[in-house]
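An overview of the molecular structure
Single-letter residue listing:
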Amino acid sequence: MAVELCLLLLLFCGSTISEVQPIYKPPPGTLDFGFVPAKTYDTGAYHEPGAIGILFKIVHAFLYLVQPNTFPQDLIRKLAQQQFGNTQGDYQKAIYYEIGFIVSAALGLLFILLLPLVGLCFCMCRCCDNCGGEMHQRQKKNADCQRSCFATFLFVASLIISVGVLCAYAANQHLTNQVRGAKKLVNSNFKDLKIFLNDTPAQIDYLVSQYNTTKDKALSDLNNVGPVLGTRVQEQLGKEVRPALDAALTMAGAIRETKEALENVSVSVEVLQEGTERLHANLTDVKMHLSNTLNDSACNAAQAASTCNIIRNSLGQLTINANFSGLPGVSSQLAKVNDVLKIDLSSLVQKGYAAFNDTPDLVVNQTKNILSAVPYIKSVLESIGSNITTFTRALPVQKILADLMVYLTQSETYVQDYFPIVEQYDFYRWLGCLILCCMLVLILVFYYLGLLCGTCGYDKHASPTTRGCISNTGGNFLMAGVGFSFLFSWVLMIVVVLTFVTGGNVEKLVCEPFEDKNLFKVLDTPYLLNKHWKNYLAGIIFKNPNVNLTFEKVYSDCKENKGIYTSLHLEHLFNINELLNISMYTEDVALKIEHIQINLSKIILLDEIGKENLLNFSSSGIDGIDFSAYLTEINKSVTKVDLLSFANDLEARADQLPKGALENALKGHANNIRMIHNQQVVPLEQAMKYVKARSTLNQSIRLLKRTSSELMVKVKNVISAVNAAQNLINNNASQVIVQETKKYMDTIIGYFEQYTEWVKESISMEVAACKPIANVIDTAVDIFLCSYIADSVNTFWFGLGGSSMFLIPAIIFAVKLSKYYRRMDTEDVYDDTENGNNGYHKEHLYGIHNPVFTSSVEQW
């Protein structure tokens, strides 16, 4: 009943979509379906053993030494198909695989059989005063060395046995602790399963409800078909139209800048001409007066003639250097540009912009007929949504969930009821294992007490017959430990062999194959669980064993918390594409949209007046201006010579003349030159009026030079771009409109494709995420069986078995050591007389009796 209910739930989950596609990510801002409501599962199917994990790893390494062979998939398959032994070599393969366990178990059986038999023979032998039973010790020179070695070896063996006991006890206690804490993990798994059942209907309802988001978006776009389509057409045409209009608008700005530059050139040249002409007149006057002074008869004297000639020859330097009066004017070019600006080209371009920006309105006015189809399309979309809702409500969701919840509740109640019984039986197991550990502890107590009493009570000066009571007690403790070792060792080894064979094979045949998924590969073997079905899981769910559905794939998908639809490939049961197939309805919509006729010939980007205006600007003559002449004069200094330097030099030469009127006149001229420099040259170089005029002239000339460079070509390119854009609107706009209309139609249909892809993604990754199913499997196998039980049991037999094996050397060393601790009845006596026996003989031959014989303890 439970299996059938689970299958019904799975089928319901699978009814939402037909196939799983790669995750679809819609364009940002297109459709937002939100997040599928989902809760987080609490169970963490992972066990961290803590410090005892080191012991677990050691046991795993030991098992690998015992059994290094790979998992025998073929043998397991034959065993499951009841074909094991049908071919020769099956038993040999099985023995080869189990050879490590077989050899180890055989050694254990030998231990079980031989150790009690050896103990029995040993006891009988000692009763006959043999095998060390005779209470007589022969004294040897290396007796102290032998005693120390035996004591050391026994102590080491006892320590190893103690470590084994601690390992066994820790494993026993770990298993009990895990069993006690397993209830919380079981409850967590049941809680996750309930979340899995309760959240699935809400998730499916959310998927169904999001169809309205798609429908509303499609209807909104259809109601706004004009603005939406118009904007799309405008954006497509704008790729060529806007650059052409921008170029025309830039050229209109260039015309205004050209006018301003020409005006600046004209004004700046006038200002500079005014300053240089006044300076030229003053310098000419100074040069004339200075020449008259040099023509004086005083310059003819022998002392002044050479100086006067030098001064007379330098008079040619007193002139201006930059002559702005000779620059050509720009009045004709300015007049032509002013004529061009009588027509406002910027206004004409702006009209082109405005006309192009009216494209959405033109489309709106010419697509009113499409709105008549909106009611029909709306009814179609409503019918699709109704079909989806009707289909989902027709499924027996509530009944399936109710039945599954009842079964889950019953299972949880069953577990809760029987969990105390499990804990009770675990207590019995814990107690039994504790008793086994106590057996070894009892033996260890005797050994440790024997070593303690024997070592502390031993007196090397005392003879074997005169040893103290403490030493004798230590020897008796050792022999008691030997006796209990013979009594308990075979019992311990029986438990070790049984748990070793069982726990070791569980680890090698279940836990390790489960971890590397080889166990699932065996389960996925065709015709293994059912000789008529290729894939068993597909045969149960789909009644079609040919579907490629494997245990390994289902477990891996659930482990990754994918949806159960993806994990179980439920697309083989339901094809939701038929339910969501709107192609049959979209044909009419496509026809309605594809027959849209839109005429954009009313859009005029730039009329003939604007184009003629651009041509007039290109023929304005600014490219004929002699820019090099202007730049040459701008870069010249104001005068050919520095007037201050000239004045200083003139005054210095005047000082070379004889004192008199000539000297004073030349010095007067020097002062006049200095005054001209300060009053006219310096302002021409530094006054803001002239500096600004020179800067403005420089900038304007360079602007005009750049503007005039290939001006005709630039204007023709602008006109060509405008004509190409206008031709696109007039002749090719229909093609653009058809393309954009198709894109618009694809966008409308794309909303439903987005919805379909989103549903597929949600179904595959979010709806009915089957992580709890993988957690249940991990909890049952990996945690309970392997981590809790198998690891603990294997560690228990590892510690118990190691301790049992070291009982053998402990028995030998304890028997040997007890001779040195126990009080003997007789002893060897050294005789100083030369009697040929090297001084050692039995004292009863000479009648020497043991003075403490009567206090000796009876033999063991």
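Residues numbered from 1 in each chain as written. Predicted model: local features only at pLDDT ≥ 70, side-chain atom pairs only at ≥ 80, totals over all residues. Heavy atoms only, no water.

Attention now moves to the overall build of the protein. Within the protein one finds 28 helices and 3 strands. Buried residues in the protein amount to 46% of all 860 residues. Sequence-distant contacts, at least 24 apart, represent 88% of the contacts inside the protein between residues at least 6 apart. Of the roughly 43,400 Å² of accessible surface on the protein, a fraction of 59% belongs to carbon and sulfur atoms. (Helix = DSSP H or I, 4+ residues; strand = E, 2+ residues; numbered from the N terminus. Buried < 20%, exposed > 50% of the residue type's maximum accessible area, 1.4 Å probe, protein only. Contact = heavy atoms within 4.5 Å. Areas by Shrake-Rupley, 256 points an atom, 1.4 Å probe, with all protein chains shown as cover.)

This brings us to the nonpolar core. Core analysis: the largest hydrophobic core is formed by 96 residues, its most contacted members being Leu237, Leu345, Leu549, Leu600, Leu614 and Trp758. Looking at this core element by element, the count peaks at 17 residues for helix H26 (residues 711-765). Setting aside anything within four residues of it in sequence, one finds Leu237 in contact with Phe356, Leu600, Leu728 and Val736. One finds Ile112, Leu492, Met493 and Ala814 within the second-largest nonpolar core, a separate group that totals 49 residues. (Core = buried A, V, L, I, M, F, W, Y, C linked by side-chain atoms within 4.5 Å.)

Let's shift gears to helix H28 (residues 807-821). End to end, H28 covers 20 Å across 15 residues, agreeing with the expected 21 Å (1.5 Å per residue, within 8%). Within the sequence span of H28, burial applies to Leu807, Ala810, Ile811, Ala814, Val815, Leu817, Ser818, Lys819, Tyr820 and Tyr821. (Expected span 1.5 Å × (residues − 1).)

So, about the packing of aromatic side chains. Tallying each qualifying case throughout the model produces 24 aromatic pairs. Where Tyr414 meets Tyr418, the ring centres are 4.4 Å apart and the plane angle is 40°; that geometry is what we call tilted. Taken together, the residues Tyr414 and Tyr418, both in helix H13 (residues 397-457) and 4 residues apart, mark about one turn of the helix. Seen in terms of ring centroids, Trp533 and Tyr536 are 5.8 Å apart; in terms of plane orientation they differ by 45°. Their pairing is tilted. Pairwise contacts between aromatic rings join Phe33, Tyr206, Tyr211, Tyr755 and Trp758 into one cluster. (Phe/Tyr/Trp six-rings, centres within 6.5 Å; stacked < 30°, edge-to-face > 60°.)

Let us look at the packing of helix H4 (residues 90-127) against helix H14 (residues 469-515). Orientation of H4 relative to H14, taken along the N-to-C sense of each, is 170°, at an axis distance of 10 Å. Put simply, H4 runs roughly antiparallel to H14. By residue class, the composition of the contact of H4 with H14 is 20 nonpolar, 6 polar and 3 charged. (Axes fitted to C-alpha atoms, helices over the stretch in contact; angles between N-to-C directions. Parallel < 35°, antiparallel > 145°, perpendicular 65-115°, else oblique. Nonpolar A, V, L, I, M, F, W, Y, C, P; charged D, E, K, R; others polar.)

Detailed reading of the predicted coordinates is not advisable wherever pLDDT falls low. Confidence along the protein averages 75 in pLDDT terms, with 73% of residues attaining 70 or more. Highest mean pLDDT in the protein belongs to helix H2 (residues 53-66) (91); lowest belongs to helix H1 (residues 2-14) (33). Low pLDDT, under 50, characterises residues 1-29; the predicted model gives this stretch 75 contacts beyond four residues in sequence or across chains. Across residues 831-860 the pLDDT falls below 50, and counting only partners more than four positions away or on other chains, this stretch makes 46 contacts in the model. (pLDDT = per-residue confidence, 0-100.)

A full pass over the atoms with the stated rule returns 2 disulfides. Between the sulfur atoms of Cys511 and its disulfide mate Cys786 the distance is 2.1 Å. Around the S-S axis, the bridge from Cys511 to Cys786 shows a dihedral of about -100° and counts as left-handed. Here Cys511, found in helix H14, pairs with Cys786, found in helix H27 (residues 771-805); they are 275 residues apart in sequence, far enough to count as distant. Look at Cys511 and you get buried, because its relative accessible area is 5%. Paired through a disulfide, Cys558 and Cys770 show a sulfur-sulfur distance of 2.2 Å. Residues Cys558 and Cys770 are joined through a disulfide that is left-handed, its torsion about the S-S bond being -105°. Placement of the pair is Cys558 in helix H17 (residues 551-559) and Cys770 in the loop between H26 and H27, with a sequence separation of 212 residues. For the pair formed by Cys558 and Cys770, the shared burial category is buried. With no disulfide of its own, Cys149 lies 4.2 Å from the sulfur of Cys145, the closest cysteine sulfur. Classification of Cys149 as partly exposed rests on a relative accessible area of 33%. (Disulfide = S-S within 2.5 Å.)

Taken as a whole and assessed by the stated rule, the structure comprises 7 salt bridges. Asp426 is the salt-bridge partner of Arg429, the closest N and O atoms lying 3.0 Å from each other. Taken together, the positions of Arg429 and Asp426, both in helix H13 and 3 residues apart, correspond to about one turn of that helix. Lys508 is the partner of Glu512 in a salt bridge, and the nearest nitrogen-oxygen pair spans 3.2 Å. (Salt bridge = Lys/Arg side-chain N within 4 Å of Asp/Glu carboxyl O.)

Spanning 38 residues, H4 covers 52 Å between terminal C-alpha atoms, matching the ideal 56 Å at 1.5 Å per step. Remark: the principal bend of H4, roughly 65°, maps to Glu98. (Bend = angle between axes of the 7 residues up to and from the residue.)

Take unusual backbone geometry next. One can expect most non-glycine residues to show negative phi and most peptide bonds to be in trans. At Lys517, a residue that is not glycine, the phi angle is positive and equals roughly 65°. Inspection of the secondary structure assignment puts Lys517 in the loop between H14 and helix H15 (518-523). Under the relative-accessibility criterion, Lys517 is labelled partly exposed at 27%. We note that Asn561 has phi near 65°; this positive angle belongs to a residue other than glycine. By secondary structure assignment, the location of Asn561 is in the loop between H17 and helix H18 (564-568).

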